[in-house]
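For reference, the chains in residue letters:
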Amino acid sequence: PFTCTQTEYWIPSSDYNFLAIANATSVTPATGAFPTAINYEADGSSDLLLSEYVAVETDAQSIPTSGVNANKCVAFTFKHLLSKVHFNFVNKSNSDKFTFKISEIKISGTYKQGTYDITSDKWTSVSDPTGEYSFGTASNATNADAENTAIAIAKDASATSHNACLIIPGEQTWKVSFNCTTFYDGTNGTTEMSNDEYTEDLTYTFVENGAYVINVELSAGKPID
């Protein structure tokens, strides 16, 4: 909740404007006026929210004993200024004898710095594409230790990355990497066939308030898609 350093009272027959920002690194101008721009440094987990101007007109009379008129609380409607991303891995093998475990899912090349212009409602500059984030393992909601333990993905099944990351929007090229362990269920039990790290470039234009699922298809003996 918002609090003041001292108690403030509504003034009857007056107009008030409110604006709210959550998790900004800094704003421009810093003092003396409503912000016109939001300066943000991304960390992958903190969301950036904006509720634009809310106009309030007070009643003509106030309650003498408290100085507060009949106006109710000011309601803010926030919007997300970042993009949310997570991974989904699907076992598309033709045989149910192959399973996969995915770990160490990472991306690098995201923007670390950005400026959002409140007047034009858009990101006007982004910079420093050196951000690197970990998505953990591929797991599901029933796995209690999902962050550290990958589940075995059976034929036609899927598992999602333990973490989702919040990124500054815009067109960017990432380096995506993950570790894939392939198992084969034969007559003598389950055997680990291979343990490999895969790296691939991904270029895409992400928009604010967008939630993205990056689907990765796995199939034994075939290229990863």
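Model, not experiment: these values are computed from the prediction.

K.L.:
Would you explain the overall build of the chain in this entry?
P.N.:
Each helix and strand counted, the chain has zero helices and 16 strands in total. Taken over the C-alpha trace, the chain has a radius of gyration of 25 Å; the compact-globule value for 225 residues is 17 Å, which it surpasses by more than 25%. Seen along its three principal axes, the alpha-carbon backbone of the chain occupies a region of about 85 × 35 × 25 Å. Out of the 225 residues belonging to the chain, those deemed buried represent 36%. Long-range pairs, those at least 24 residues apart, make up 69% of the contacts in the chain between residues at least 6 apart in sequence. Approximately 13,100 Å² of the chain is accessible, and the part contributed by carbon and sulfur atoms is 49%. When the 12 basic and 27 acidic side-chain charges of the chain are each reduced to a single mean position, those positions are 8 Å apart.

K.L.:
What is the right way to read the sheet that holds strand β15 (residues 189-206) from this model?
P.N.:
Strands sit in the order β10-β7-β14-β15 across an open sheet of four strands; the sheet is antiparallel. Two strands bound the open sheet, and with one partner strand each, they are β10 (131-136) and β15. The sheet shows a mean angle of 15 degrees between the axes of neighbouring strands, taken without regard to direction. Pairing geometry for strand β7 (residues 98-110) and strand β14 (residues 170-186), over nine bridges, is antiparallel. Of the residues in β14, the one forming a bridge with K106 is S177.

K.L.:
When you look at the nonpolar core in this model, what are you seeing that I'm missing?
P.N.:
Within soluble globular proteins, side chains that are nonpolar generally end up buried alongside one another. One finds F87, F89 and I102 to be the most contacted residues of the largest nonpolar core, which totals 38 residues. Of all the secondary structure elements, the ones that give two or more residues to this core are β3 (37-41), β6 (83-91), β7, β10, β13 (165-167), β14 and β16 (211-218). In contact with F89, other than residues within four places in its own chain, are I102, I105, A138, I153, A157, S158, A159, F178, V216 and L218.

K.L.:
Is there a simple way to think about the side chain of N88 in this case?
P.N.:
For N88, the location among the structural elements is in strand β6. Of the polar contacts made by the side chain of N88, one reaches the side chain of N215; its length is 3.0 Å. Once residues lying within four places of it in the same chain are set aside, the contact partners of N88 are S158, A159, T160, V213, I214, N215 and V216.

K.L.:
Just to check I follow, could you spell out the pairing of strand β8 (residues 113-117) for this structure?
P.N.:
Successive residues of a regular strand alternate their side chains across the two faces of the sheet. On β8, burial follows the alternation: G114 and Y116 on one face are buried, whereas Q113, T115 and D117 on the facing-out side are not. Relative to β8, β3 is paired through five bridges, and the arrangement is antiparallel. Pairing of N39 across the sheet is with T115, part of β8. Direction of pairing for β8 relative to strand β9 (residues 122-127): antiparallel, over a ladder of five bridges. Considered in β9, the bridge of Q113 is made with S127. What sits between β8 and β9 in their antiparallel hairpin is a turn of four residues, with D121 showing a positive phi close to 55 degrees.

K.L.:
Please clarify how the packing of aromatic side chains should be interpreted in this entry.
P.N.:
Centre-to-centre distance and the angle between the planes together describe a pair of aromatic rings. Enumeration over the complete set of coordinates arrives at 14 aromatic pairs. A ring pair is formed by Y16 and F18, whose centres lie 6.4 Å apart and whose planes are at 20 degrees; its orientation type is stacked. The partly exposed category is assigned to Y16, whose relative accessible area is 21%. A relative accessible area of 25% places F18 in the partly exposed class. Ring plane angle 75 degrees and centroid distance 5.8 Å describe the contact between Y204 and Y212, whose orientation is recorded as edge-to-face. By relative accessible area, which is 43% here, Y204 ends up partly exposed. Within the aromatic cluster, the residues linked to one another by ring pairs are F87, F89, F135, F178 and Y198.

What counts and what doesn't
- Residues numbered from 1 in each chain as written.
- Predicted model: local features only at pLDDT ≥ 70, side-chain atom pairs only at ≥ 80, totals over all residues.
- Heavy atoms only, no water.
- Helix = DSSP H or I, 4+ residues; strand = E, 2+ residues; numbered from the N terminus.
- Rg over C-alpha atoms; globule rule 2.2 N^0.38 Å.
- Buried < 20%, exposed > 50% of the residue type's maximum accessible area, 1.4 Å probe, protein only.
- Contact = heavy atoms within 4.5 Å.
- Areas by Shrake-Rupley, 256 points an atom, 1.4 Å probe, with all protein chains shown as cover.
- Lys, Arg positive; Asp, Glu negative; His and termini not counted.
- Charge placed at Lys NZ, Arg CZ, Asp CG, Glu CD.
- Pairing = 2+ DSSP bridges.
- Axes fitted to C-alpha atoms, helices over the stretch in contact; angles between N-to-C directions.
- Core = buried A, V, L, I, M, F, W, Y, C linked by side-chain atoms within 4.5 Å.
- Polar contact = N/O pair within 3.5 Å; in protein donor to acceptor, adjacent residues only side chain to side chain.
- Phe/Tyr/Trp six-rings, centres within 6.5 Å; stacked < 30°, edge-to-face > 60°.

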